[in-house]
Amino acid sequence: QSAVGALEALGLGDRTGVPVGRLRPAQRRLVALAGALWSSTALVLVDDADQATSAGSAVTAAVTDRIDTLTRAGTAVVLTARPGSAFQATADAVALLDERDDPWT
């Protein structure tokens, strides 16, 4: 899928001609997310997926569908999300990290 198609999938189709520096912070996060999820790589890391998809349920659904496509193709996807996130339903494994129980300190 093209870069324009990735942006359209995340609701930014009307912003494709706008320089990233002129986008709102939430839109910049979506551009970064599109770059990660629509690239050809064996591993995708996404930090705070819920914040990046705060634009609404259609964006969350598009991201979830893309993650499903990637994992079926053999790509490893590791993401962080908030407890109760919509992304938990699609995960093969879930781990809860609690800063009060930080094993590295």
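Model, not experiment: these values are computed from the prediction.

Examining the pattern of salt bridges
No. 1: Evaluated as defined, the whole model comprises 1 salt bridge.
No. 2: Linking Arg82 and Asp48 is a salt bridge whose minimum nitrogen-to-oxygen distance equals 3.2 Å. A residue pair is termed long-range when its members are at least 10 positions apart, and Arg82 in the segment after strand S2 (76-79) and Asp48 in the loop between strand S1 (43-46) and helix H3 (49-52) qualify at 34 residues.

Topic: the environment of Leu96
No. 1: You can see Leu96 is positioned in the segment after S2.
No. 2: Residue class for Leu96 comes out exposed when judged on its relative accessible area of 70%.

Here we look at a nonpolar patch on the surface
No. 1: A cluster of nonpolar residues, Leu43, Leu45 and Val78, forms a patch on the protein surface that exposes about 290 Å² of accessible area.
No. 2: Within the element layout of this structure, Val78 appears in strand S2.

Brief notes about the environment of Gly13
No. 1: Mapping Gly13 onto the fold places it in the loop between helix H1 (3-9) and helix H2 (25-37).
No. 2: According to the relative accessible area criterion, Gly13 is partly exposed, its value standing at 30%.
No. 3: Expressed as a C-alpha distance, the spacing of Gly13 and Thr75, which sit 62 residues apart in the sequence, is 26 Å.
No. 4: Ignoring any residue separated from it by four or fewer positions in sequence, one finds Gly13 in contact with Leu7 and Glu8.

Some words on H2
No. 1: With 13 residues, H2 extends 18 Å between its outermost C-alpha atoms, agreeing within 8% with the 18 Å of an ideal straight helix rising 1.5 Å per residue.
No. 2: Those residues of H2 that fall on the buried side of the exposure criterion are Gln27, Leu30, Leu33, Ala34 and Leu37. What you see down the axis of H2 is that its buried residues fit within an arc of 115 degrees, all on one side.
No. 3: Looking at the buried residues of H2, the elements they touch are H1, S1, H3 and helix H4 (57-72).

Parameters and conventions
Residues numbered from 1 in each chain as written. Predicted model: local features only at pLDDT ≥ 70, side-chain atom pairs only at ≥ 80, totals over all residues. Heavy atoms only, no water. Salt bridge = Lys/Arg side-chain N within 4 Å of Asp/Glu carboxyl O. Helix = DSSP H or I, 4+ residues; strand = E, 2+ residues; numbered from the N terminus. Buried < 20%, exposed > 50% of the residue type's maximum accessible area, 1.4 Å probe, protein only. Patch = residues over 30% accessible without salt bridge, like charges linked within 9 Å, V, L, I, M, F, W, Y side chains within 5 Å. Areas by Shrake-Rupley, 256 points an atom, 1.4 Å probe, with all protein chains shown as cover. Contact = heavy atoms within 4.5 Å. Expected span 1.5 Å × (residues − 1). Arc of directions from axis to C-beta.

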